[in-house]
Amino acid sequence: MEAIVRVAVHLGCFALALYAMQALNYEKLIRSGRIVQAQLLYLLVAMCIALLSAQFLLNLVIKIHV
């Protein structure tokens, strides 16, 4: 059961990170012809933000229950 909660928190944080990153205007930073690389970078940054925020939330819940 705990694993399902962890996966759900990670997926939720990933969705929120993607939603939050839509506020960025990163088109000005992309070189012409590098669209695939920019999309990969976008996903990697979203995954990093999601991982950090999910770990923070899970650790916060664990510290509160101890």
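What counts, and at which threshold
- Residues numbered from 1 in each chain as written.
- Predicted model: local features only at pLDDT ≥ 70, side-chain atom pairs only at ≥ 80, totals over all residues.
- Heavy atoms only, no water.
- Salt bridge = Lys/Arg side-chain N within 4 Å of Asp/Glu carboxyl O.
- Helix = DSSP H or I, 4+ residues; strand = E, 2+ residues; numbered from the N terminus.
- Buried < 20%, exposed > 50% of the residue type's maximum accessible area, 1.4 Å probe, protein only.
- Expected span 1.5 Å × (residues − 1).
- Arc of directions from axis to C-beta.
- Contact = heavy atoms within 4.5 Å.

**Remarks on the pattern of salt bridges**
Pairing is possible between side chains of opposite charge, provided their charged atoms come close.
Here is step 1 of the chain: As enumerated under the stated definition, the model contains 1 salt bridge in all.
Here is step 2 of the chain: Ionic pairing is found between Glu2 and Arg6, a salt bridge with its closest N-O pair at 3.3 Å. With Glu2 and Arg6 both in helix α1 (residues 2-21), this residue pair falls 4 residues apart, about one helical turn.
Here is step 3 of the chain: On the basis of relative accessible area, Arg6 is assigned to the partly exposed category, the value being 32%.

**Comments concerning the environment of Leu52**
Here is step 1 of the chain: Of note, Leu52 is situated in helix α2 (residues 35-65).
Here is step 2 of the chain: Considering only alpha carbons, one finds Leu52 and Val9, 43 residues apart in sequence, at a separation of 11 Å.

**Some details on α1**
Here is step 1 of the chain: For α1, built from 20 residues, the straight-helix expectation of 28 Å at 1.5 Å per residue is met to within 8% by its first-to-last C-alpha distance of 28 Å.
Here is step 2 of the chain: When α1 is considered as a whole, its buried residues turn out to be Cys13, Ala17 and Met21. End-on, the buried residues of α1 take up no more than an arc of 60°, which puts them together on one face. When the buried face of α1 is taken as reference, the exposed residues oriented beyond 90 degrees from it are Ile4, Leu11, Leu16 and Tyr19.
Here is step 3 of the chain: Where α1 is buried, its residues meet α2.

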